[in-house]
Each structure stands twice: as C-alpha cells, then as structure tokens.
Amino acid sequence: MSLPTTELPQGSMLEEDSPEPTLIRVKCLDPKEDYKTEAWKNGLGETTEISVYPPEMDPKNETFFWRLSMHKINANCNFSVYPGYECTTIVLPNDNTKSTFLLNHKGEEMSTNVKPLFPYSWNGAWPTSCKISNPPITNLQFMYKKDLGTAHFYVEKIGQPISNESGETGKKLLLGAFALVYIVNGYVRVTLDENHLHRRTEFLSAGETLYIERDEEASPTNARVITMEISESKKSTTVTSIDDSLGPSVLEPLAVSTDSSAPSARREPRRKGSLVVYDDQPLGNLGVPSTTATAAAAAAAAAGISDTTATIAEPLPISGSTDTDILASSLQKTDLASVDEGMRRDSIAMIRGKLDTSQVYEPPTAALLPQDTDVPPPVVRDRLVIEDFPVNTISTAWIKMVKQGLSEWVRLPVIICRGSEEGPVVGITAAVHGNELNGVPCIHRVVAEIDVKKLKGTVVTVPCVNMVGYLQFKREFADGRDLNRQFPGKEDGFASQVFCYQLMNKVISQFNYLIDLHTASFGRVNSYYVRADMNDSGSAILARLQQPQIVLHNSGQDGTLRSAAAARGINAITVEIGNPQLFQNQYVQWSYMGVMRILDNLGMFELNGGADKILVGPPNTVLCSKGFWIYTRTGGVLEVYPGVNTIIRKGDVIARIKNIFGNVVDEYMAPCGGIVIGRSSNPVAMSGDRILHLGVIKRKGESLAKEAKENY
C-alpha cells in the first residue's frame, strides 16, 4: 500500500543540488620545461623540484603544504631539517645493483638500508644523514605538513592484474584532490573519467609527471599505477608498506583529506548545495559525512602501455556544514600555523602604566634566514691533507690531535670547502679559548653562504679549537693553561704545548691566510676589533677588509696562534668579536661580512651582484698605534664608567673602587686620550685586576712601531 503524498516517507535518499564537481587542472609536467633543478652549494648532489603546493613556493624559506622532488646524491650528506613535516623517500632503481642507501636519524647507532621502490618515511624534525655506496643514488622525496594531512604509499607494477576495493580487476580506487603520477621507466597511457562526463587521456614516458588537480568534493578515482597516497586531515599519519613482488613500475597517487584548517584556492568558491529528499532510502541509515578533499602523487614504471582510469565521487556535505574553501593565501609564509589573536595587548593585566610595544618579541633578521651549513657527515683523519678531499665539494673531518686519559683521541672538527679551481687556502679558527664563542656562528654563516661551484681555492674552518675548554665552559685547556700563550708548541712539552704543536703541523701548516676569531674572556667585555701587524701589507689588507670598530696595531704577541702563523709566512689577523660565552648577533653579522669581503678581495668568492660589497659593519674604524690595560691598585667594588668603543680624554674619570660599605677608596683617571677597546664587567676586584683596555689613536704622520706588544 502506498503512503499518502502529504506524509514524509519513512525511507528517503539525499542528493545535492550543487553543480557537478569537475577536474580543475591536468598537466603533463615535462622535465626540461617544468622541473627546476638546483645543484647543492656543498657540491654533494642536486635537487630537482617536480611540484610544490601552493605553486611557486620556496621550500627553504616559506611554509608549504606538500612538495615532490627528486634528488641525485653523489656522496654522504646530511638532510635538511623540516620541523612539522613528514618526509618520505623512494629510492629509484639504477643499473648498479651494488649501490646502498643508508639513512641514520638522531645519530643513532643503527642505520636503515632503504631498498629501491620501498617507500621509507621519517619525522622531518629528526636530524638525518645518509651514507651511500657506489654513487650516485637517485630518489624521489615527498614532504607534507603533518598537521594538515596523512600519507599512504603504494608501489605497484603496471600491467599486472590488480583488484581494487570494488572488486574490479586492473583498477585501484583513489581518493585525492591531487594526483602526481611519476614514470620511473617505460611509458603509460592514463585515462581520466570524470563522472563519465569528461574523459581525458594523457601519454607519459620515463621521467615525466602527470599533475591532476580536481574539486575538493569529487568522487573516488579508479587508477592502476604505483601509488603514494596522502590523506589531508588533522589525524595521525599512516604509511602503508609495499609488496616488493609487484616489481618496479609506477609511483601512484597520494590521497589527502581536508578539513577547514587545510585551505585551498584551487577553484572559485562554489554555491554550497542543499540536500533534496527522495524516496526509497531508510532515513535511519543516513550518516553525516565530514567534508573531505584528497590529494595524490604517483610514480609509474615498467615498459609497455597501460590504461589508467579515474572516476570521482565524494561524501556530500549536509546543509549548514563548514565551508572548506579558505584561500591558499593563509598558507603563505608562516601563516599556515594558526595564530591566536584572542589575546589583545590591552587585555594583559597591568599593575601600572601601559604595555611598551618593544616588549613584544619580534624574531631577529638572523632567525628568519636559512643558515644551515648543509655539510656531510665527517670522516676521521690523522691530519688535514686538503688534496685528499674532493674538489667542488664541502667536506667535514675529525682530525686526531692528542690522546686523553681514556686513551681515546681528542679530535678537532674541521670543515673543508674546496672549490672547483685552484687558489689560496684561507683558514678560519674559533674558540682557541673555550668560552669565546661568537666565532662559531660566524663560521657557520660563512660555510652556509659559500657555493663551492663558484669558489676558487679552499676555505678551511675550525669552529672549535679548544674542545676541552669548550665542553667545560672555561678558557683554558685540560692542563689549566692558556692555549694562546703556548704556540707554536712542543712535540715533547706539557699537554697544552703538545696540542699546539699538533695543531700547527696537522692543520695550520696548510694555510696561506689565517683569520683567528676570539672574544673577551669572563669578567670582561670587548668592542668589535682586530689585532694585526699593520706594517705587514698582507695582514693590513685583511684587517681593513674586516671593517671593525677598531684596528689595533700589534706586531704579534709571544705565544699566540697569530704570531706563530706569521712566523711561518702566513698572513694572519686576530678578530675580537665582543663578549664570552654567548652569541651577539650584531657582532657575528659584522664578522661574517668581513670574512666574505676578504674572500671576495682574494678573488676566491665573488659577493652577489656587487651590492653586497658595500655592506658595511660599524660606521667607522679607528686605527690605534698601540694599546694597554689599566690595572687596579687595590681591591673592592669596581665601577667602570666608559663603554666600549667610546673616545675618552686625558684626565677623565674612568673608574672608582669602593669598599663593601660604599666608601670610595680609589679613583682612576685616563692617563692619556684614546678609545676604549675593552673593559672589566666584574664589579668584584682584587689588587692588580683589569679595569680598562685603552687604545692610543694613531696620529697623522705617525710611524707604527716595528715591534708593538701589549701588557696583558
């Protein structure tokens, strides 16, 4: 018996009255026209970007949703860290069956041997290095932002019978708003059937990629290829393993399901469909599906031609569901992460006054720039022999120096940037005193900037000379002595002398130029200044190019690394970069720019465009003919008044000492005019402690002394 037409049927179907979803973009990406290849600055390989979303994003400097790229790796190397991303690599087969690709994460003892065509995934925040044999190794790498999606990867051979979720042979059901089909070898024919209304066929050969982009509310796709499948959501990521018996063939799609936090500008905002009720479906069986969108990236291989059919269908949104069509502009730069704007500045509880805008943290310029040195894992060597390291490559090494109490080697970290052409060898050393650290990030920035393909000669950096003092947060070496008073050392002397001897013979002897980076020590602060023998033309040029606040003429203090290097014919300067046991970004930036100007002047590495050549540090540089320290005559609470890099006149009050009750017990005047190179920062003074390092400014026409030393 039929129901009255005026009553709501007990069983109904829902259909959406919105327009049919369609394909948005289909393109065959040609390796010659659409791929972007960039050689690594360290010379260890190259990256070819196949596709990135949103388009035209710079993965090094901007936040992106996903990226598919191909890497050619020629030597052991470290991978860049991508916090917040999931990384998956698929090693492509090559003719050399003896090649191996080992990945190591977080410095663990064990490494994973990644086999060809087996997708391998890891957390992009993990420090990861690879070790390869019989290079080169070529691999596909896919990265996506974890808080926006999940990933599934399938590798299947074209032409084999495959049963999909619907039981159809030769087809696979895919869910995706994106599909990237990469052909490993052979060629395929891909047929897209959009709801049986718009059929499209594409022919692809080895190395090409088919880019497919469709409406978020599309239906599932049938396809037969090797698959990387990604689901875009805020749920956890699941990566499925691949059956090796399927053999090499095709990388197939990756499907991504989207919620409102995964914005897209892939189509114009379309009218949200309402639901129309029809008979014949029990209302009790209706679910409430969430709105999803999927993305797919695929790789295809195996000789021969194969058809790949795609159809599209999706759960329909119920009336009133949240619109997911947020513009992709929210993906730009760091806007991908949601920002809580609910806390206004004027809502902060204040006891008095108003909030100063300077209290609101703004990341410094240095923090916004990529500064990864991008160096490979180190090798261990008995001594530095530059010719042992490949040209056109950045290499790292541990150099064995001396044996310690456990009969293990104390090893020196060295970075070797060897250009493609012969040229000078410039050495840069830091942390000869273990607590003088500003030179460390200076070296990191220099190495990160150098592109060995454009480098003539070799840059050798030692980011930490005194490893023992560095680990103990102190200035001295293991035997309590100052290393920078023991050079050139002795083969049979005490511990610090032996270390200095080994350093000179195993490393420093390779240099033509030396830039030795220091800071003040504990209890003192420094300006940014250079010590150099200004009567030596080579050293004088290095000092001027550094463009410090002050250049102090010093012919070479006995026992210093600079003096020992100069005695062997090496042009050397000492760069004093501020204060101990901390990083000072302004001083580090100045010293880094000074080193790059030196490399440019030597014809080793040209600064980009010429504009960088005029990048200056401090507004002026003062040349001092000599310098000396002023010491206390008694002990007490020390107050030092002038700041560093300030000019004082003869007779100016520069310091007072008070007893613990606050009575002035001594007062100090400037014995002559000059500029403050450094000063004490420790108020607790004993008799004979340092007060102020005063530089005597060179007068016009004054001749610099052949031998000029200081009283420290």
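The preceding data block contains the structure.
Residues numbered from 1 in each chain as written. Predicted model: local features only at pLDDT ≥ 70, side-chain atom pairs only at ≥ 80, totals over all residues. Heavy atoms only, no water.

Enquirer: I would appreciate a short explanation of the overall build of the chain in the present structure.
Expert: A tally of helices and strands in the chain yields 7 helices and 42 strands. Burial analysis of the chain (712 residues in total) assigns 51% to the buried set. A separation threshold of at least 6 residues defines the contact pool for the chain, and within that pool the share at least 24 residues apart is 75%. Looking at the chain as shown, the accessible area adds up to about 33300 Å², and 52% of this sits on carbon and sulfur atoms. (Helix = DSSP H or I, 4+ residues; strand = E, 2+ residues; numbered from the N terminus. Buried < 20%, exposed > 50% of the residue type's maximum accessible area, 1.4 Å probe, protein only. Contact = heavy atoms within 4.5 Å. Areas by Shrake-Rupley, 256 points an atom, 1.4 Å probe, with all protein chains shown as cover.)

Enquirer: Would you mind showing me how to read the packing of aromatic side chains here?
Expert: Two numbers describe a pair of aromatic rings. These are the distance of the centres and the angle of the planes. Evaluated as defined, the whole model comprises 13 aromatic pairs. On the basis of an interplanar angle of 20° and a centroid distance of 6.0 Å, the ring pair of W66 and F142 is categorised as stacked. With W66 in strand β5 (residues 66-73) and F142 in strand β12 (residues 137-145), the pair connects residues that are 76 residues apart, well separated along the chain. Its relative accessible area of 1% is what places F142 among the buried residues. When the centroid spacing of 4.8 Å and the interplanar angle of 40° are considered together, the rings of F477 and F499 count as tilted. Here F477, found in the loop between α3 (467-471) and α4 (495-506), pairs with F499, found in helix α4; they are 22 residues apart in sequence, far enough to count as distant. Here the two residues F477 and F499 agree in accessibility, since each one is buried. Among the aromatic side chains, those forming a connected cluster through ring pairs are Y53, F65, W66, F142 and Y144. The ring of F494 has R481 lying over it, and the distance from NZ or CZ to the ring centre is 3.7 Å. (Phe/Tyr/Trp six-rings, centres within 6.5 Å; stacked < 30°, edge-to-face > 60°. Lys NZ or Arg CZ within 6 Å of the ring centre and 35° of its normal.)

Enquirer: Looking at this structure, how should I read helix α5 (residues 537-546)?
Expert: Think of an α-helix as 3.6 residues a turn; residues three or four steps apart then line up on the same face. Counting buried positions along α5 yields 7 of 10 residues, so the element is predominantly enclosed. Where α5 is concerned, the buried positions are G538, S539, A540, L542, A543, L545 and Q546. Backbone geometry just downstream of α5 places Q547 in the positive-phi region, at approximately 50°.

Enquirer: Looking at this model, I keep getting lost on the nonpolar core. Mind explaining?
Expert: Nonpolar side chains in soluble globular proteins generally cluster together in the buried interior. Ranked by internal contacts, the top residues of the largest apolar core, which has 43 residues, are C417, I428, I515, L517 and I573. Only β27 (409-418), β28 (421-430), α2 (439-449), β30 (513-518), β32 (528-532), α5, β34 (571-577) and α7 (585-601) provide two or more residues apiece to this core. Looking at this core, the element that brings in the most residues is α7, giving 9 residues. The contact partners of L517, leaving out residues within four places of it in the chain, are I428, T429, A430, A431, G439, C442, I443, V575 and I577. (Core = buried A, V, L, I, M, F, W, Y, C linked by side-chain atoms within 4.5 Å.)

Enquirer: Hey, could you run me through unusual backbone geometry in this one?
Expert: What you tend to see is this: most non-glycine residues have negative phi, and most peptide bonds are trans. Geometrically, the link from Y53 to P54 is a cis peptide bond, its omega value of -5° lying close to zero. Among the structural elements, P54 can be located in the loop between β4 (45-53) and β5. A cis amide bond links F487 to the next residue, P488, at an omega of 5°. Among the secondary structure elements, P488 is positioned in the loop between α3 and α4. Even without a glycine there, the phi angle at K106 is positive, about 55°. Topologically, K106 is positioned in the loop between β8 (100-105) and β9 (112-113). For K106, a relative accessible area of 47% translates into the label partly exposed. Despite not being glycine, S407 shows a phi value in the positive range, around 65°. Position of S407 relative to the elements: it lies in the loop between β26 (393-403) and β27.

Enquirer: Looking at this structure, how should I read the pattern of salt bridges?
Expert: Where charged atoms from two side chains of opposite charge approach closely, those side chains can pair. The tally for this structure, following the rule as stated, stands at 16 salt bridges. A salt bridge links K27 to D34; the nearest nitrogen and oxygen atoms lie 3.1 Å apart. Put simply, E639 and K658 hold a salt bridge, and the shortest N to O gap is 3.2 Å. With E639 in strand β36 (residues 636-640) and K658 in strand β38 (residues 653-658), the pair connects residues that are 19 residues apart, well separated along the chain. Here E639 falls in the partly exposed class, since its relative accessible area comes to 26%. What you see here is one network of salt bridges that share partners, running through E436, R475, D482 and R485. (Salt bridge = Lys/Arg side-chain N within 4 Å of Asp/Glu carboxyl O.)

Enquirer: Explanation requested: the sheet that holds β9 in the structure shown.
Expert: Two strands in a sheet stick together by hydrogen bonds in their backbones, pointing the same way (parallel) or opposite ways (antiparallel). Spatial ordering of the open sheet is given by β6-β11-β8-β9, a layout of 4 strands whose pairing is antiparallel. Both outer strands of the open sheet, β6 (77-79) and β9, are each paired with one neighbouring strand and no more. As paired strands, β6 and strand β11 (residues 128-133) are joined by 3 bridges and run antiparallel to one another. Within the sheet, the bridge partner assigned to N78 lies in β11 and is S129. (Pairing = 2+ DSSP bridges.)

Enquirer: Would you take a moment to explain the side chain of Q486 for this structure?
Expert: Locating Q486 in the fold gives a position in the loop between α3 and α4. Taking relative accessible area as the criterion, Q486 reaches 16% and is therefore assigned buried. A polar contact is formed between the side chain of Q486 and the backbone oxygen of D482, at a distance of 3.3 Å. Look past the residues within four positions of Q486 in its chain and what remains in contact with it is R481, F494, S496, Q497, C500 and G559. (Polar contact = N/O pair within 3.5 Å; in protein donor to acceptor, adjacent residues only side chain to side chain.)

Enquirer: Just to check I follow, could you spell out the sheet that holds β5 for this structure?
Expert: Strand order in this open sheet of 6 strands is β3-β4-β5-β12-β7-β10, and the pairing throughout is antiparallel. Across the chains shown, the open sheet's two edge strands, defined by having one partner strand only, are β3 (36-39) and β10 (120-123). Averaged over all pairs of adjacent strands, the angle between strand axes in this sheet comes to 25°, irrespective of strand direction. Bridge analysis of strand β7 (residues 85-91) against β12 gives 7 bridges, and the strand direction is antiparallel. Bridged to T89 within β12 is Q141. (Axes fitted to C-alpha atoms, helices over the stretch in contact; angles between N-to-C directions.)

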